[in-house]
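Close look at the chain arrangement
The residues making up each chain are set out below.
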Amino acid sequence: FLERLSSSSSSSSSAPYLPLKEGDEVALLINSLGATSGMELAIIGRRAVELLRGRRIKVVRVLSGPLMTSLDMAGFSLSLLLLSPTRKARLDASSSAPAWGPLYAVGEEEGSKVVALEAAAAPAAGKKEGAAAAGGAGESVLKRMVRACAESIVKAEEELTALDEKCGDGDCGVTMRRGAEQVLADLAGYPEEEEGVLSAVASSINESMGGTSGALLEIFFRAAGRTVKEGRRGEAFKEGIAAMEFYGGGRKGFRTMLDALHPACEALGGGGTLEEAAAAAAAGAEETKMMQASAGRANWVDAAAYEGAADPGAMAVAIGFRAMAAVK
């Protein structure tokens, strides 16, 4: 199994997502699914490091333990992270996550000692090298709307988390905040044309947001940007929603962010103002308080647990629209 996994991590056509080449530095994560012992993980890790070294891949960081488990399931998973200097520094930084660490440094030569690292201070969250400071002067209206939307999502982290704790796994707030912070960090480098801005937002989301919401929002902005580029500006919102429904399987009434996106789209499509679209999105989010989930993690939660609470994704959409409508 390890030999096959190591081979599929090369630059072959079977592994397009992590094309490794000789000399690349990687971090290796060895995860116990619950019942695999530390000794077994050490045996697995040693063999994995040997195989990667045999392909001239430098394993410089190793993390091993029960990081993502399934109760007491026997088994393990292996993950490789291609390292840049920034990623390595962030990986080495301290963390309050209870299952994280210790992280080990591995020498390049066979037989090198494996040394536990002391955690370093983390680089500033959400910042990229060379990213411009938050601006606003000289920005297009669309960019100012994107900025206002992202800033409002960052501020709403606790509210979204509280809603998601009732119907999901409680990570909506932090997931949305990460995406919004990446957008703010990247915004100064976005192109000026509308389709370029929308596609750039999709790229920022792809880089920073995990979970279903991140994937669906990227799909939305990719489709919207492509539609604008094709000269169908008025259909961009509608095409973004259609793409989300096609790939995600959700529909209006399923108690998802679509329940706020659809009313906003209908308001704009009917010639309404952004203020009217924001009001429609807020009303759609409010309606989710009476809905039973038919998609997402909430679909597996007892409806009584989230009765009277709005869907966090729909609420995030409403918050973003309200912020954009306030931009003059």
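I will try to describe carefully the structure that is included in this document. (Residues numbered from 1 in each chain as written. Predicted model: local features only at pLDDT ≥ 70, side-chain atom pairs only at ≥ 80, totals over all residues. Heavy atoms only, no water.)

Quick notes on the nonpolar core
In this structure, L160, M176, V201, F237, L261 and F321 are the most contacted members of the largest nonpolar core, which totals 56 residues. With 10 residues, helix α12 (residues 312-325) is the largest single contributor of residues to this core. The residues touching V201, leaving out its near neighbours within four places in the chain, are V146, V183, Y190 and F221. (Core = buried A, V, L, I, M, F, W, Y, C linked by side-chain atoms within 4.5 Å. Buried < 20%, exposed > 50% of the residue type's maximum accessible area, 1.4 Å probe, protein only. Helix = DSSP H or I, 4+ residues; strand = E, 2+ residues; numbered from the N terminus. Contact = heavy atoms within 4.5 Å.)

Describing helix α8 (residues 211-229)
In this model, α8 (19 residues) spans 28 Å end to end at C-alpha, consistent with the 27 Å of a helix rising 1.5 Å per residue. Those residues of α8 that fall on the buried side of the exposure criterion are S213, G214, L216, L217, E218, F220, F221, A223, A224, G225, T227 and V228. (Expected span 1.5 Å × (residues − 1).)

Digging into the packing of helix α4 (residues 141-155) against helix α6 (residues 172-186)
Taken N-terminus to C-terminus, the directions of α4 and α6 make an angle of 145°; their axes are 8 Å apart at the nearest point. With respect to the hand of their crossing, α4 and α6 are arranged in left-handed fashion. On the side of α4, the interface is formed by V146, R147, A150, E151, I153 and V154, while α6 contributes M176, R177, A180, E181, V183 and L184. Tallied by class, the residues present in the contact of α4 with α6 amount to 8 nonpolar, no polar and 4 charged. (Axes fitted to C-alpha atoms, helices over the stretch in contact; angles between N-to-C directions. Left-handed = near helix turned anticlockwise from the far one by under 90°. Nonpolar A, V, L, I, M, F, W, Y, C, P; charged D, E, K, R; others polar.)

Overview of the packing of aromatic side chains
One pass over the structure, following the stated rule, counts 4 aromatic pairs. The interplanar angle of 90° and the centroid separation of 4.9 Å between the aromatic rings of F246 and Y247 together place this pair among those described as edge-to-face. Members of the aromatic cluster, joined through ring pairs, are F220, F221, F237 and F321. (Phe/Tyr/Trp six-rings, centres within 6.5 Å; stacked < 30°, edge-to-face > 60°.)

A look at the pattern of salt bridges
One pass over the structure, following the stated rule, counts 17 salt bridges. Of the charged contacts in the structure, one is a salt bridge between K88 and E25, with a shortest N-O distance of 2.9 Å. Pair noted here: K88 is in helix α3 (residues 85-92) and E25 is in strand β1 (residues 25-32), with a separation of 63 residues, a long-range link. Residue R233 pairs with E194 through a salt bridge whose shortest N-O separation is 2.9 Å. One end of the pair, R233, is in the loop between α8 and α9 (236-248); the other, E194, is in helix α7 (residues 194-208), with 39 residues separating them in the sequence. Using a relative accessible area of 57% as the deciding quantity, one classes R233 as exposed. (Salt bridge = Lys/Arg side-chain N within 4 Å of Asp/Glu carboxyl O.)

A look at the packing of helix α11 (residues 274-287) against α12
Running from amino to carboxyl end, α11 crosses α12 at an angle of 160°, the nearest separation of the two axes being 8 Å. One finds that α11 runs roughly antiparallel with respect to α12. For α11 against α12, the interelement crossing comes out left-handed. Seen from α11, the contacting residues are L274, E275, A277, A278, A281, A282 and A285; seen from α12, they are A314, M315, A318, F321, R322, M324 and A325. Considering only residue class, the contact of α11 with α12 consists of 12 nonpolar, no polar and 2 charged. (Parallel < 35°, antiparallel > 145°, perpendicular 65-115°, else oblique.)

Description of the pairing of β1
Of all 8 residues that make up β1, 6 are buried, and the element is covered over most of its length. Inspection of the sheet shows β1 paired to strand β2 (residues 58-65) by 7 bridges, in the parallel sense. Across the sheet, A27 pairs through a bridge with R61, a residue of β2. You can see the chain leave β1, run along helix α2 (residues 38-54) and come back into β2, and the turn it takes is right-handed. Summarising the sheet, β1 and strand β3 (residues 76-82) pair through 7 bridges and their orientation is antiparallel. By the bridge assignment for β3, A27 is matched with L81. (Pairing = 2+ DSSP bridges. Right-handed = clockwise from strand over helix to strand, strands pointing away.)

Side note on the layout of surface pockets
When its volume is computed, the second largest pocket comes out at roughly 1,200 Å³. Taken together, 39 residues line the second largest pocket, and the ones lying closest to its centre are L198, F220, F221, F237 and M324. When residues of the lining of the second largest pocket are traced back to their parent elements, those giving at least two are α4, α6, α7, α8, α9, α10 (258-269) and α12. Ranked by the residues each element gives to the lining of the second largest pocket, the list is headed by α4, at 7 residues. Of the residues belonging to the lining of the second largest pocket, the class tally is 30 nonpolar, 5 polar and 4 charged. (1 Å grid on protein atoms, 1.4 Å probe; cavity = no way out; pocket = protein on both sides within 12 Å on 5 of 7 lines; lining within 4 Å. Points joined across faces, edges and corners; volume = space filled by probe spheres on them.)

As far as function goes, none of this settles anything; it's purely spatial.
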